[in-house]
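Now for the letters of each chain:
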Amino acid sequence: MATPLTPQNLPLETQTLAVQLKDHSYQIYIGPDLLSCLPSFLEQRHLQASRYVIVTDSTVETLYGSNLQDQLEDRGIKAELVSFPAGEASKNMETILYLAKELLRIGADRKTMLLALGGGVTGDITGFLASIYMRGIPFIQLPTTLLAQVDSSIGGKTGVDLPEGKNLLGTFYQPKLVLADINTLSTLLEQELKNGLAEVIKYAVIRSSRLFRILEQQWDEVLALKSDVITTIVAMSCAIKADIVEQDEKEAGLRRVLNFGHTAGHAIEAAADYTISHGEAVSMGMVVAARIAFKRQQMVFEEFSRFVRLLEKVGLPYVIPSRFTPQQLLTIMKHDKKVQDGELHYVLNKGIGDCEVTVVPEEEILTTLEECTGSLSYNF
Ligand SMILES: NC(=O)c1ccc[n+]([C@@H]2O[C@H](COP(=O)([O-])OP(=O)(O)OC[C@H]3O[C@@H](n4cnc5c(N)ncnc54)[C@H](O)[C@@H]3O)[C@@H](O)[C@H]2O)c1
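Residues numbered from 1 in each chain as written. Predicted model: local features only at pLDDT ≥ 70, side-chain atom pairs only at ≥ 80, totals over all residues.

Draft legend 1. Just the packing of helix 10 (residues 262-271) against helix 11 (residues 278-295), in detail. Two elements in contact, helix 10 and helix 11, have axes separated by 7 Å at closest approach and are oriented at 135 degrees. With respect to each other, helix 10 and helix 11 are oriented oblique. By crossing handedness, the relation of helix 10 to helix 11 is classed as right-handed. Side by side, helix 10 and helix 11 meet where H262, T263, A264, G265, I268 and E269 of the first sit next to H278, A281, V282, M284, G285 and V288 of the second. Taken together, the residues of the contact of helix 10 with helix 11 break down into six nonpolar, five polar and one charged. (Axes fitted to C-alpha atoms, helices over the stretch in contact; angles between N-to-C directions. Helix = DSSP H or I, 4+ residues; strand = E, 2+ residues; numbered from the N terminus. Parallel < 35°, antiparallel > 145°, perpendicular 65-115°, else oblique. Left-handed = near helix turned anticlockwise from the far one by under 90°. Contact = placed C-beta atoms within 7 Å. Nonpolar A, V, L, I, M, F, W, Y, C, P; charged D, E, K, R; others polar.)

Draft legend 2. Examining the site of the ligand more closely. The immediate surroundings of the ligand are formed by 29 residues, with T59, G119, G120, T145 and S152 found nearest. When contributions to the shell around the ligand are tallied by element, the ones reaching two or more residues are helix 2 (58-74), helix 4 (120-132), helix 5 (146-152), strand 8 (165-172) and helix 6 (190-207). Of the residues contributing to the shell around the ligand, the split by class is seven nonpolar, 14 polar and eight charged. (Near = placed C-beta within 6 Å.)

Draft legend 3. Inspection of helix 7 (residues 209-217) at higher detail. Taken residue by residue, helix 7 has L211, F212 and L215 as its buried positions. In a view along the axis of helix 7, the buried residues occupy a sector of 105 degrees, so they form one face of it. Residues of helix 7 that are exposed and point over 90 degrees away from its buried face: R210 and Q217. The inward-facing, buried residues of helix 7 contact helix 6, helix 8 (219-223), helix 9 (227-247) and helix 12 (301-314). (Buried ≥ 20, exposed ≤ 12 C-beta atoms within 10 Å, placed from the backbone. Arc of directions from axis to C-beta.)

Draft legend 4. The nonpolar core, seen in detail. Residues L114, L115 and A289 are the most contacted members of the largest nonpolar core, which totals 114 residues. For this core, the domains that each give at least three residues are domain 1 (7-187) and domain 2 (191-224 + 248-371). Setting aside residues up to four positions removed in sequence, L115 forms contacts with Y52, V53, I54, V55, I140 and L142. (Core = buried A, V, L, I, M, F, W, Y, C linked by C-beta atoms within 7 Å. Domains from an automatic or database assignment.)

Draft legend 5. Highlighting helix 10. Of all the ten residues making up helix 10, nine are buried; the element is thus mostly covered by neighbouring parts of the structure. Immediately beyond the C-terminal end of helix 10, within one or two residues, lies D273, with a positive phi of roughly 55 degrees.

Draft legend 6. Examining the sheet that holds strand 4 (residues 79-84) more closely. In spatial order, the strands read 1-2-9-6-5-3-4; together these seven strands make up an open sheet with mixed pairing. On the outer flanks of this sheet lie strand 1 (15-19) and strand 4, each paired with one strand and no other. Taken over all neighbouring pairs, the strand axes of this sheet differ in orientation by 20 degrees on average, direction set aside. Both strand 3 (residues 51-57) and strand 5 (residues 112-118) contribute to a ladder of six bridges, which runs parallel. When the sheet's bridge partners are listed, I54 is paired in strand 5 with L115. Strands in contact with helix 3 (residues 93-106) are strand 3 and strand 4; relative to strand 4, the strand with the most contacts, it is inclined by about 160 degrees. (Pairing = 2+ DSSP bridges.)

Draft legend 7. Structural view of the domain arrangement of the protein chain. For the protein chain, the assigned domains read domain 1 (7-187) and domain 2 (191-224 + 248-371). In this structure, domain 1 and domain 2 have C-alpha centres spaced 29 Å apart. Listed as interface residues are eight residues of domain 1 and, on the opposing side, nine residues of domain 2. Partitioning the side of domain 1 that touches domain 2 into residue classes produces six nonpolar, one polar and one charged.

Draft legend 8. Layout of the pairing of strand 6 (residues 139-143). Among the five residues in strand 6, five count as buried, and that is most of the element. Here strand 6 shows two buried faces, one formed by F139, Q141 and P143 and the other by I140 and L142. Strand direction decides the pairing type here: strand 5 and strand 6, joined by five bridges, are parallel. Each bridged residue has a counterpart across the sheet, and for L117 the counterpart in strand 6 is L142. Taken together, strand 5, helix 4 and strand 6 form a β-α-β motif whose crossover is right-handed. (Right-handed = clockwise from strand over helix to strand, strands pointing away.)

Draft legend 9. Inspection of the environment of L258 at higher detail. Mapped onto the elements, L258 comes out in the loop between helix 9 and helix 10. Taking the C-beta count within 10 Å as the criterion, L258 has 23 such neighbours and is therefore assigned buried. Separated by 109 residues in sequence, L258 and T367 have C-alpha atoms that sit 24 Å apart.

Take a look at the structure:
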């Protein structure tokens, strides 16, 4: 007998929001201990399936996957588990083909639902697989990294990498539900936490001075993963992403603001041959954008210094290593998809909490990259 899931039997502190899209709206739940509520969610009519398949990576399988499978089986819910080696290197067509064959072997049909349990790699792979397996089967996002909880599990972008570049094959395919259990963040490596925090800071700078203040003022609680504060910052980040996705599901325009810090960030990541983490590269990229904004008098000095101080507190870098030359980074940026008709479209913040997409001349970018590179230190 299905237990109706009401806010009363969800863990205290759980926050809920909806992503309202034309044909495929869905709910996001954020809070502690939500994975243990999954059986109750699945017993609701619109999420029922003939069987469920947990798709996860090797690390998350050990940490949470097997346990989740047992919990589902204990409630009489048929659940299989398939996994692949953890890491970005698995985000390719070989993994998709391997998983598709595993699904066939298990007997997964069009009434099967996939459960993407893991970080952004798992979410992107599972969403892509769900979108093409037997012309599309439903899936649920169960993000376990901060980056996946605040970013990749929402918005329906799925895909895999090619040797020629990241995310070159993919689809837009929305999940039926997102359950972000913030307890899973306690096992994350510090580096992975920082990757997510860089995105949270991005949301704050482009859309929410309130979120920025929470990060500044409750930093110790964030660092200690205090559940009410983490739930709040994840929920605020999700709300910002959901709002942007609702207005621009397929990235026709507005969604580009989510690239704040990513123009120079991607160039730094690529120049470093991905030996610099995504969060660190985005952090340096955000400083480049903020510095342009500051020099254009779109951001006062006090805001710029608060921004750099927050990055410093988090332990995210704000200076580009001198082994990269501005010209080298600019060349990579120009090959990136943010170039339209030969002009570089850049997301610049306006103070803290607002932003715009605008053309920035090459000269201005080169000078700013120069200023942000090397042994620069800010004395506030
Ligand atoms: N679809 C989108 O809109 C979107 C947006 C941003 C990023 N992405 C993609 O997301 C990927 C990066 O996501 P990610 O940083 O989550 O990477 P990831 O999925 O590789 O996870 C990072 C590492 O953390 C481990 N891990 C996951 N959960 C854990 C937990 N709770 N405790 C301990 N370890 C855990 C994983 O096994 C992995 O080793 C990239 O491929 C990127 O392209 C997609």
